[in-house]
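Breakdown of the fold
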Number of protein chains: 2
Amino acid sequence: MPNSVPNIVIHRLPFYLRALEMMAENGQVVTSSQELGDRLGISSAQIRKDLSHFGEFGKQGTGYEVDYLRQQLRRILKIEALWGIAIVGAGDLGHALVNYAGFRERNFLVETVFDMDPKKVGTPIGSLKVEDQSQMLQRLKELDIKIAIIAVPARNAQTVAELLIEGGVRAILNYAPITLNVPDEVCIEYIDPVIALQSMTYYLERESMEQKRAVSE
Amino acid sequence: MPNSVPNIVIHRLPFYLRALEMMAENGQVVTSSQELGDRLGISSAQIRKDLSHFGEFGKQGTGYEVDYLRQQLRRILKIEALWGIAIVGAGDLGHALVNYAGFRERNFLVETVFDMDPKKVGTPIGSLKVEDQSQMLQRLKELDIKIAIIAVPARNAQTVAELLIEGGVRAILNYAPITLNVPDEVCIEYIDPVIALQSMTYYLERESMEQKRAVSE
């Protein structure tokens, strides 16, 4: 019953997986909910509870086998095999995304990149050529792409999202600094660097730029 | 006693703030933990518990005043006034970050950008000129910068992080796909698009590229 698992639990699984991948890289064979929790700042009870939604992965007292749990999480998250993705927007960010090595390493393959600017269409980025956004609907269907990344300016993002969904996309990662309206059956996630910055400033000693300037003036 | 608040609570506050900012933009005056929870996929009890770490912000039955709670969260997160940030790496991602409008809107100001490539040093990005990374230590101290974003290749990221910390940086947002070792007193956050993708594939119907190809071949 996958739908009975809370969304917030699903969102923690990739972090468990990343920690396990790092352990595996370092040759570690066994871990515990305590160790995973310490690494991730999550209680060991929460980790055991999260994993219990999907079965029995460890034994009381002996912990988890790193490689087994890693494989199970990959299976649960459905990332054992390649997923194709489309990127919309061939600006600086689009270039950076097409060239990002972290996708291919973790079974995501950038299959195509679109832009609406005629000057960009046809230009190469890595091994791809920028495709014409006016052909996007047809191309998404041809490639049967379910996952797309929006890297266009905020003002165009909603239109792009609607086109992607019409083309069959069911999961959108949005870099544009705007909240998008999508139907319930479409997954959407946001990449927002400011959210990450805001949780760090809490820990910084408060001496704002204005205060500094007031002192130095 | 700020240090007694769990890290995971601090990490949820920016999401509460973002939801409140959106409500304020739409002219909404009052909200509830229930409404916030529905928007964010977090239980209303969790939201009330998180906020109770910092005081009493709403009344039983009448909910929260959007503008007041928003201001309080800004104060708690110490983001009422501008923070200067430095970006390291003037590649595609560095360009995108310097030009990202979402920083300035939310009180972060990109004050400088560094690169180690002599061909990039001196070139303009927006209103900035790329500075020489060999001068970074001195420049960070001159500008008294506490927050930096790493946008360099993975192989250089650890060296850059160490230089930033030596220059006085206390909060690092890392885009390089590598885990960095930093002292306990330094905050570090990661931007990893794959983590976001992995929590969406769970919800997609599983028909991997290999399966599709096997069918079409």
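Residues numbered from 1 in each chain as written. Chains lettered and ligands numbered in written order. Predicted model: local features only at pLDDT ≥ 70, side-chain atom pairs only at ≥ 80, totals over all residues. Heavy atoms only, no water.

**Regarding the domain arrangement of chain A**
Assigned domains of chain A: these are domain 1 (2-76) and domain 2 (83-196). Here the C-alpha centre of domain 2 of chain A lies 30 Å away from the C-alpha centre of domain 1 of chain A. (Domains from an automatic or database assignment.)

**A short note on helix α3 (residues 44-52) of chain A**
All names here are of chain A. Those residues of α3 not exposed but buried are Ser44, Ile47, Asp50 and Leu51. Within α3, the buried residues cover an arc of 125 degrees as seen down the axis, which keeps them to one side. Those residues of α3 that are buried are in contact with α1 (7-25), α2 (33-40), β3 (63-65) and α4 (66-76). (Buried < 20%, exposed > 50% of the residue type's maximum accessible area, 1.4 Å probe, protein only. Helix = DSSP H or I, 4+ residues; strand = E, 2+ residues; numbered from the N terminus. Arc of directions from axis to C-beta. Contact = heavy atoms within 4.5 Å.)

**Considering the pattern of salt bridges**
Inspection of the entire model under this criterion finds 18 salt bridges over all chains. The partner of Asp50(A) in a salt bridge is Arg12(A), and the shortest N-O contact between them spans 2.6 Å. Taken together, the residues Asp50(A) in helix α3 and Arg12(A) in helix α1 connect sequence positions 38 residues apart. In terms of burial, Asp50(A) and Arg12(A) fall into one category: buried. Salt-bridge contacts for Arg106(A) lead to Asp192(B); the nearest nitrogen and oxygen are separated by 2.8 Å. With one member in each of two chains, Arg106(A) in the loop between α6 (101-105) and β5 (108-115) and Asp192(B) in the loop between β11 (187-190) and α9 (193-201) form a pair that bridges those chains. You can call Arg106(A) partly exposed: its relative accessible area is 22%. Overall, the relative accessible area of 12% leaves Asp192(B) in the buried class. One salt-bridge network, held together by shared partners, links Glu21(A), Asp67(A), Arg70(A) and Arg74(A). (Salt bridge = Lys/Arg side-chain N within 4 Å of Asp/Glu carboxyl O.)

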